[in-house]
Each structure stands twice: as C-alpha cells, then as structure tokens.
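Each chain is listed here by its residues.
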There are 2 protein chains.
Amino acid sequence: MSADFERIASRTIYDGRIITVREDRFRYDDGEEADREFVGHPGAVGVVAHDDEHVYLVRQPREAVGIGDLLELPAGKLDEEGEAPLGTAKRELVEEIGKAAETWEHLHSFFTSVGFCDEEVHLYLATGLTDVEPPDTEEDERIEIVAWPLSDLDAAIAGCRDSKTLVGLLELRHRL
Amino acid sequence: MSADFERIASRTIYDGRIITVREDRFRYDDGEEADREFVGHPGAVGVVAHDDEHVYLVRQPREAVGIGDLLELPAGKLDEEGEAPLGTAKRELVEEIGKAAETWEHLHSFFTSVGFCDEEVHLYLATGLTDVEPPDTEEDERIEIVAWPLSDLDAAIAGCRDSKTLVGLLELRHRL
C-alpha cells in the first residue's frame, strides 16, 4: 500500500480557453504503472455573504449541467493574472451582487473532483455587507440575485445541487 | 435576464476512457450566442458510513491534484452499465472498506463543478454496518482504510480537501 507516485509521461490533448486536458502516465513506488485522464482548471472562489436576515445567492444558466435556474453562491474563476483568491472573492461579490463586506473569513479550500481535475475552490464568509455600485461587466447580464431568508436555510440546503454552495450553506448553518 | 438557452452546435474533442470533452455553442433567448467548453463524466457516489464511534474514510493517491494522502469518503464512479447509484454505493462500500450496511439514506445529489462539467455525485448515509469479505479487485491495492473517531469530526472537516467528503462530513456533524 503506498501513496507515492511519479508522473513519467504527459500528453496534452486540448488547450482551451478555460480548461486543459491531458493524458498522463504514472509509476507507483511498487513499480506498477497506470494511465490517467486529467482536466486542468485555474480554480475558483465562492462567497457565503450574509447579514442578519439573508444569505445572498445567485441564479444563472448553467449549460454544462442543463439546468437553467441553479441556485449558487456568488463565485468566479481565478482568471485574473496575479490576483489572489481573496481578491477574486471581493471582486466577484461586487460584480455579481453589488455588495462589499467589512469582514472576510476563509472557510474551506477543496478540490471539486479529485479523481480527474485539479480545480480548487476557495470559500469565504463575508459579513458586514454594504451596497456598492457594480461595474458594467458583460458576465452579469444573466445573473439574478436571490436574497434567501436565513430562517429558511434548511430548504436551500435540501434543494442545493452545486458542491461549493452546499459546502458553504452547510458551514453557514453550523455557525448560525 | 433569462435562464433559457439552447445548444446550437457541438464538437467532440476527446472521447477518453472516463471523460469526454466538447466545445458547444449556445443561443440564449435574448439572441446572444456563446461558446462553452464541457467535460462529460459518468457521475459518482460517495458513502458516509459510520457506527457509534467512527466514520470510515479512505486514503489513496490522487494524481490529478498531486496529493498522496487525501482523506475521502468511500466512493466510486457510476461506471457499471445499468447499475443504479445506490447499487454502486453498496458495491463500493464492500470493495473499499469491507462493510455492508443495514440502513441506507440518500443525503444529497450535487454537481461537482457546474461551470464546465456534468459530473453528479450522489451521497448516501450508511449505518448498521457489518464486516464482509471484500472481493479481490485491483482498485483496492492502494486504498488505506481510516476509522476516524466521531469525537474528532471537527478536525476531519477542518482538514478536508475533497468536495464530496466535505459535504458528507458537514451533513454528518449536523445529524450527530
């Protein structure tokens, strides 16, 4: 039984705008070898932003999963060169729901799908919210802001279909 | 603002053993069009298996994220033709940790990364555990079983780097 391995070969199959796809060959320290399919992704952030009454969620079309009205945390990809995850989180909170936060706390950083993808999501708790004017960006056009009552958090958790949002709302329930 | 869209073109880039990769073009009902990169995945299950003292986790090498000792729920891909998710969950629990369960409860079904991938994970709670002889399968060779004390669940949650495991352990903490 061993957790040690080394990559002995790598072939890039696709280099897209967001993802890359590779086939890699690994050798384990027991001498066995195996091929693996990998998706490279820049990573993302998600924000659990709440005040005394609401947690602020968004709805947007998600073509990949064929769901038009998926409820999610405000979130975004780590796609700005040199921007740290907390900076991306602050920017996305403004862009997606038009709010700034006084207090930021890191909640969890986790891989969405450890078997084949290196996407890591960094989750933050944002409180002390104030309204700010969001910049005019294209990506907001299809985003609907949902102020979800904290008194009904169990229903949001029960209906949640998105991993980062589920982690964030479960953690929020524990803290309330 | 709209959640309606249709796929108007699709190009397969890669058809691997586990994943497929496509570039699709979408039209929204406001007339705008956009290209999206997609990863197709068969889906997976994860099992929160516990008795009065322990939750049973596994460690195995995860080449995609470069981590040799990631702590995870027993889990597996929906890769057997015609097998329903609960059937896969029961099979994986035997294969990975050598246990059967008397009671099974569906906890959550969620998408790991809604922006670009259709992988859906079905999580179950398994209790009333008994030891059974696991079949001799290749995949177990590098899996280490970890009986994690329920009294130390907060530490497992704090150190967790895997989305399905984090969802499962957060839900377990709520129920204990």
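Residues numbered from 1 in each chain as written. Chains lettered and ligands numbered in written order. Predicted model: local features only at pLDDT ≥ 70, side-chain atom pairs only at ≥ 80, totals over all residues. Heavy atoms only, no water.

Turning our eyes to something else, we now look at the relation of the copies chain B and chain A. One copy of the chain maps onto the other through a rotation about an axis followed by a shift along the same axis. Between chain B and chain A, the superposition needs a rotation of 180° and an axial shift of 0.0 Å, giving an RMSD of 0.0 Å. Such a combination of turn and shift is consistent with a two-fold rotation axis. Mapped onto chain A, 100% of the interface residues of chain B again fall at the interface, so both copies present the same surface. (Least-squares fit on C-alpha atoms with pLDDT ≥ 70 in both. Contact = heavy atoms within 4.5 Å.)

All right, on to the confidence of the model for chain A then. On average, residues of chain A score 92 in pLDDT, and 95% of them reach the 70 mark or higher. Overall fold confidence for the complex sits at a pTM of 0.93, while the interface term, ipTM, reaches 0.92. (pLDDT = per-residue confidence, 0-100.)

A few words now on the sheet that holds strand β6 (residues 67-72) of chain A. Residues and elements named next belong to chain A. Taken together, three strands build an open sheet; the order of strands is β6-β5-β10 and the sheet is antiparallel. A single partner strand is all that each edge strand has here, and the edge strands are β6 and β10 (144-149). Strand-to-strand twist in this sheet, taken as the mean axis angle between neighbours without regard to direction, amounts to 30°. In this sheet, β10 lies alongside strand β5 (residues 54-62) in antiparallel orientation, the contact comprising six bridges. In the sheet register, Arg59 faces β10, and the bridge partner there is Glu144. (Pairing = 2+ DSSP bridges. Helix = DSSP H or I, 4+ residues; strand = E, 2+ residues; numbered from the N terminus. Axes fitted to C-alpha atoms, helices over the stretch in contact; angles between N-to-C directions.)

Turning to the sheet that holds strand β9 (residues 120-131) of chain B, a few remarks are in order. Residue and element names in this part refer to chain B. With respect to topology, four strands assemble into an open sheet ordered β7-β4-β9-β8, the strand pairing being mixed. Of all strands in the sheet, those with a lone pairing partner are β7 (75-77) and β8 (99-111), marking the two edges. Averaged over all neighbouring strand pairs, the angle between strand axes comes to 20°, with direction disregarded. Bridging between strand β4 (residues 44-49) and β7 involves three bridges; their strand directions are antiparallel. Pairing of Gly46 across the sheet is with Ala75, part of β7. Sitting on the sheet, helix α3 (residues 163-175) is in contact with β4, β7, β8 and β9, with an inclination near 115° to β8.

For any pair of aromatic rings, the description rests on two quantities: the centre-to-centre distance and the angle between the ring planes. All names here are of chain A. Using the criterion set out here, one finds eight aromatic pairs over all chains in the structure. On the numbers, 5.7 Å between centres and 80° between planes, the contact of Phe26 with Phe38 is edge-to-face. Here the residue Phe26 occupies a position in strand β2 (residues 20-28), and Phe38 occupies one in strand β3 (residues 33-40), the gap between them amounting to 12 residues. Side by side, Phe26 and Phe38 carry an identical accessibility label, which is buried. (Phe/Tyr/Trp six-rings, centres within 6.5 Å; stacked < 30°, edge-to-face > 60°. Buried < 20%, exposed > 50% of the residue type's maximum accessible area, 1.4 Å probe, protein only.)

Residues and elements named next belong to chain B. In this fold, Thr88 is placed in helix α1 (residues 85-97). In this structure, the C-alpha to C-alpha distance between Thr88 and Glu72, residues 16 residues apart in sequence, is 17 Å. Look past the residues within four positions of Thr88 in its chain and what remains in contact with it is Val45, Lys77, Leu78 and Glu83.

What follows deals with the pairing of β6(A). Successive side chains on a regular strand alternate, one facing one side of the sheet and the next facing the other. Both β5(A) and β6(A) contribute to a ladder of four bridges, which runs antiparallel. Bridge assignment links Gln60(A) to a residue of β6(A), and that residue is Leu70(A).

So, about the side chain of Glu119(A). Assignment of secondary structure puts Glu119(A) in the loop between β8 (99-111) and β9 (120-131). There is no salt bridge for the buried Glu119(A), and the closest opposite charge comes from Lys164(A), which lies 7.4 Å off by N-O distance. A polar contact is formed between the side chain of Glu119(A) and the side chain of Thr112(A), at a distance of 2.9 Å. A distance of 2.4 Å separates polar atoms of two side chains, one belonging to Glu119(A) and the other to Ser113(B). (Lys, Arg positive; Asp, Glu negative; His and termini not counted. Salt bridge = Lys/Arg side-chain N within 4 Å of Asp/Glu carboxyl O. Polar contact = N/O pair within 3.5 Å; in protein donor to acceptor, adjacent residues only side chain to side chain.)

Counted by the stated rule, this structure contains 46 salt bridges over all chains. The salt bridge involving Arg91(B) is made with Glu95(B); its shortest N-O contact spans 3.5 Å. Separated by four residues within a single helix, Arg91(B) and Glu95(B) lie in helix α1, roughly one turn from each other. Judged by relative accessible area, which is 11%, Glu95(B) ranks as buried. The closest approach of N and O atoms between Asp162(B) and Lys164(B), which form a salt bridge, is 2.8 Å. Here Lys164(B) falls in the buried class, since its relative accessible area comes to 9%. Salt bridges here are not isolated pairs; linked through shared partners, they connect Glu6(A), Arg25(A), Arg27(A), Glu33(A) and Asp35(A).

Relative to the elements of secondary structure, Phe5(B) occurs in strand β1 (residues 5-15). Classification of Phe5(B) by relative accessible area gives partly exposed; the value is 22%. Separated by 26 residues in sequence, Phe5(B) and Gly31(B) have C-alpha atoms that sit 9.3 Å apart. What Phe5(B) contacts, discounting residues up to four positions off in sequence, is Pro61(A), Arg62(A), Glu63(A), Gly66(A), Ile67(A), Gly68(A), Phe26(B), Arg27(B) and Tyr28(B).

Taking 1.5 Å of rise per residue, 13 residues should cover 18 Å, and helix α3 (residues 163-175) of chain A covers 19 Å from first to last C-alpha, within 8% of that figure. Of all 13 residues making up α3(A), 11 are buried, and the element is well covered by its neighbours. (Expected span 1.5 Å × (residues − 1).)

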